[in-house]
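Report on the structure
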Amino acid sequence: MAAIALTGALVISAAAAPAVTPTRGGTLIVGSGVDAVTLDAPMITDSPSATVAEHMVESLYRLTPEGRIVPMLALGHTVSPDGRTWTVRLRTGVRFHDGTPFDAEAAKFNLDRMLDPATRAAFRFLLCGPATCVTSVTVVDSSTIRLVTNTTFAPLLAHLTHSSMGMQSPTAVRRLGVDYARQPVGTGAFKFKEWVRGDRVVMTRNDDYWGEKAFLDEVQFRVIPDDGARVAALEAGSIHVAVRVPPREIERLKGARDFTVSVDDSLRTIYVGFNVTRPPFNDGRLRRALNHAVNKRAIVNGALYGTARVSDAPIVPAIEGYSKIMTYEWDLERAEALLREAGYTRARPLRAVFHHPSGRYIRDAEIAASIQGLVRRAGIELELRTMEWGAYLALTNRPQPENDVQMYMLGWGTVTGDADYGLYALFHSSQWVPAGSNRSFYKNERVDALLDRGRSTMDQAERNKIYADAMKVIMDDAPWLFLHSESQVTGIRHTAQGVVVHPAERVELFKAWIRR
C-alpha cells in the first residue's frame, strides 16, 4: 500500500501496552483543556474537535502514529501514468451509524461537499487550490470512485487522511442541516451519544462496527479548562487521561503510584501571528523587532521546563519537506535598532494588543505573559486579551476588511505529515481567513509560486528544495513571531490501558480498555 516516509520520528505513546487480555466494558474519561468547536468534519479546524470526531467519523486513509499512510474506508488506489486520475476502491459492507450504506455515492457526496465553495470549508485547499485542484469526483461502480486533477497533485494521498475528509452519512447531513454539527453520524468504532456544551462529549461503542470492535462501552471527553483542576482530577481518579499537563508538574508527579506522565513528540508549532495588512505590523521591521526581543530559549527552558524546541522553521523536523532555516536570536540591541528605524523610542513606545487563548496549548496564557514582559525590555508595550477558545477562533477568523486583531497566539499541527499542509494553509495568499487559515493575511508572490510548485512536483528531493526556498522567504518576512514546537505532556492512569497519544495531537481510544 502506498505510504509516505516522514523525515523525523513519529512517536507512539501507549499507556502501558496490554500485558493481559483486554476486558470489555466500562467508561473511559479524557480531561481536555477546551471544548470541541464543531463535529461536522469539513468544518473542523482544531485538534480538540478532530480528536473527538475521529472516534466516530473515518476517512478513506489514515496516518498511523508511526507515519505510514494506510487504508481505512478505502481498500487501495491506482494512479494513471500522467498522475492525474486516481481510482480508489472502497471497503464494502460498511454502514453509517444510522444504517445508511457507505458506498461510492456516499464517498462522492462527502468529497463534493468538501469541494463545494458554498460549504465554506476552511480546509478546501486539501482538494483544491488556485493551481492544483481535484476537478471531478465520479462514481465508477458501487465500490469505486475516480478523482481527476488538473495537474499532478503530490500531497493528495496525505490529504485524504485528514479528519476534514471524514465520511459522514449523506442521509444525516441532509436531514439535520446545520444541526448536524452537534450530532455527527459516521462509520467509526464509537457512536455519538450527547454533547453538553462546555462540559462533555459522550460516545458509545458501535457494536455493528465493520472492523475490530472497541472494548469500552463508553468514552467521554470532559472539558476542564484549568490546568491545576485537570491534574487534580487525574490524581483523584475522576478522569483517566489528562492532556496538556503543565510541565512544571512533571517532577512532582514522577512518584505517583496510580498514573504516569509521558512527554511525546508532536507535529505542532506554536507561534504569534501578526496582521501584516494593518499598522503597526504592516512594517516588517517591527515584526522582526519582536522576534529579536523575545528570548525563546528562556520560554522553552522556563515556562515549558525544556519540553519544547525553539523553532528554526515554520514546521517541525518530523514533517516531510522540513529544512532547518534560521532562528531569530535574542538581541535587544537589534530589536531596539529596528524599532528606532520604524520611528519608535522608549519615549514613544510601540503599543499593540495581543490576543491569546487559555488552556488550548501548554501554558499558553503564561507564555503570553512572558512575551509581554520580555518585549517590555525593548520598549514595546503589549496589552493582553485572554479569550475562550471558540470565541477566540471566531474573532481571529474574521475577513481582512473587518479583522482588527493585531497579534494572536496559535499553534498548527501538520497532521498530514507533509509540508504542504503546514505551509500552504498558513502562507499562501489564497488562504486568507475565513476561506482558509492564513490569519496574518500574508501575501508574497514568490512564496505563492513556490508553494504551488511544491504541490505539483512529484520528486520529493525537488519538493524539499522548493519548500526550503519558501521557508527562507517566510522567515525573513516574519509574518509570525516564531516560538517553539510543542511536546505533548499527558497523564494516564494505570487502569487505562491501550491509550494512544498520536503525534498529530490526538488521544486515541480505539483499543483502550479499563483494567479492573
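The structure this text deals with has already been given above.
Below or above, wherever it landed, is the structure these notes cover. (Residues numbered from 1 in each chain as written. Predicted model: local features only at pLDDT ≥ 70, side-chain atom pairs only at ≥ 80, totals over all residues. Heavy atoms only, no water.)

**Here's the deal with the overall build of the protein**
The secondary structure content of the protein amounts to 14 helices and 24 strands. Relative to the 2.2 N^0.38 estimate, which gives 24 Å for 516 residues, the radius of gyration of the protein is 23 Å and therefore close to what a compact globule would have. C-alpha atoms of the protein, sized along the principal axes, occupy 70 × 60 × 40 Å. For the protein, the proportion of its 516 residues judged to be buried stands at 61%. Each charge sign in the protein was given a centre, from 61 positive and 57 negative side chains, and these centres are 1 Å apart. (Helix = DSSP H or I, 4+ residues; strand = E, 2+ residues; numbered from the N terminus. Rg over C-alpha atoms; globule rule 2.2 N^0.38 Å. Buried < 20%, exposed > 50% of the residue type's maximum accessible area, 1.4 Å probe, protein only. Lys, Arg positive; Asp, Glu negative; His and termini not counted. Charge placed at Lys NZ, Arg CZ, Asp CG, Glu CD.)

**Focus on unusual backbone geometry**
Following P279, the chain continues to P280 via a peptide bond in cis, the omega torsion being 5°. When you line up the elements, P280 lands in the loop between β14 (268-274) and α7 (284-293). Between V433 and the following residue, P434, the backbone shows a cis peptide bond with an omega angle of 5°. With respect to the helices and strands, the residue P434 is situated in the loop between α12 (419-427) and α13 (445-456). At A478, a position not held by glycine, the phi torsion is positive, near 55°.

**Section: the state of the cysteines**
Each disulfide consists of a covalent bond between the sulfur atoms of two cysteine residues. Counted under the stated rule, the structure contains 1 disulfide. Across the disulfide from C128 sits C133; the S-S distance is 1.9 Å. Because the sign of the S-S torsion sets the handedness, a value of about -100° for the bond joining C128 and C133 places this disulfide among the left-handed ones. Each member of the pair C128 and C133 is classed as buried. (Disulfide = S-S within 2.5 Å.)

**Here's the deal with helix α2 (residues 104-115)**
Relative to the 16 Å expected for 12 residues at 1.5 Å per residue, α2 spans 16 Å between its end C-alpha atoms, a close match to the ideal helical length. Extensive coverage of α2 is indicated by the burial of 9 of its 12 residues. What α2 keeps buried is the set A104, A106, A107, F109, N110, L111, R113, M114 and L115. Tucked into the core, α2 has its buried residues touching β6 (85-90), β7 (134-141), β8 (144-149) and α4 (170-176). Regarding α2, its N-cap is D103, as a side-chain oxygen of that residue lies 3.2 Å from the backbone nitrogen of E105 further along. (Expected span 1.5 Å × (residues − 1). Contact = heavy atoms within 4.5 Å. Polar contact = N/O pair within 3.5 Å; in protein donor to acceptor, adjacent residues only side chain to side chain.)

**Concerning the packing of aromatic side chains**
By the definition in use, this model includes 17 aromatic pairs. Here the aromatic rings of F123 and F125 are separated by 6.0 Å at their centres, their planes lie at 85°, and the arrangement is edge-to-face. Classification of F123 as buried rests on a relative accessible area of 2%. The class for F125 is buried, based on a relative accessible area of 1%. Through successive ring pairs, a cluster of aromatic residues spans Y271, Y408, F427, Y442, W480 and F482. (Phe/Tyr/Trp six-rings, centres within 6.5 Å; stacked < 30°, edge-to-face > 60°.)

**A few points about the environment of L156**
Relative to the elements of secondary structure, L156 occurs in helix α3 (residues 156-159). The exposure class assigned to L156 is buried, which follows from its relative accessible area of 0%. For the pair L156 and S456, spaced 300 residues apart in sequence, the C-alpha separation works out to 9.9 Å. Setting aside its immediate chain neighbours within four residues, L156 contacts W86, L126, L127, V134 and T149.

**Overview of the packing of α13 against helix α14 (residues 460-477)**
The relative placement of two packed helices is expressed as an angle between their axes plus a distance between the axes. The interhelical angle for the contact between α13 and α14, taken along N-to-C directions, is 160°, at an axis separation of 9 Å. Classified by the interaxial angle, the pair formed by α13 and α14 is roughly antiparallel. The chirality of how α13 crosses α14 is left-handed. Along its contact with α13, which presents R446, V447, L450, L451, R453, G454 and R455, the element α14 presents E462, R463, I466, Y467, D469, A470, V473 and I474. Along the lines of polarity and charge, the residues of the contact of α13 with α14 split into 8 nonpolar, 1 polar and 6 charged. (Axes fitted to C-alpha atoms, helices over the stretch in contact; angles between N-to-C directions. Parallel < 35°, antiparallel > 145°, perpendicular 65-115°, else oblique. Left-handed = near helix turned anticlockwise from the far one by under 90°. Nonpolar A, V, L, I, M, F, W, Y, C, P; charged D, E, K, R; others polar.)

**Digging into the nonpolar core**
Residues F102 and I371 are the most contacted members of the largest nonpolar core, which totals 134 residues. Dropping the residues within four chain positions of it, F102 is found in contact with L60, L73, L90, R91, V94, R95, F96, A107, M167 and T187. Counting residues in hydrophobic clusters, the runner-up holds 31 residues, among them A36, A41, V219 and I514. (Core = buried A, V, L, I, M, F, W, Y, C linked by side-chain atoms within 4.5 Å.)

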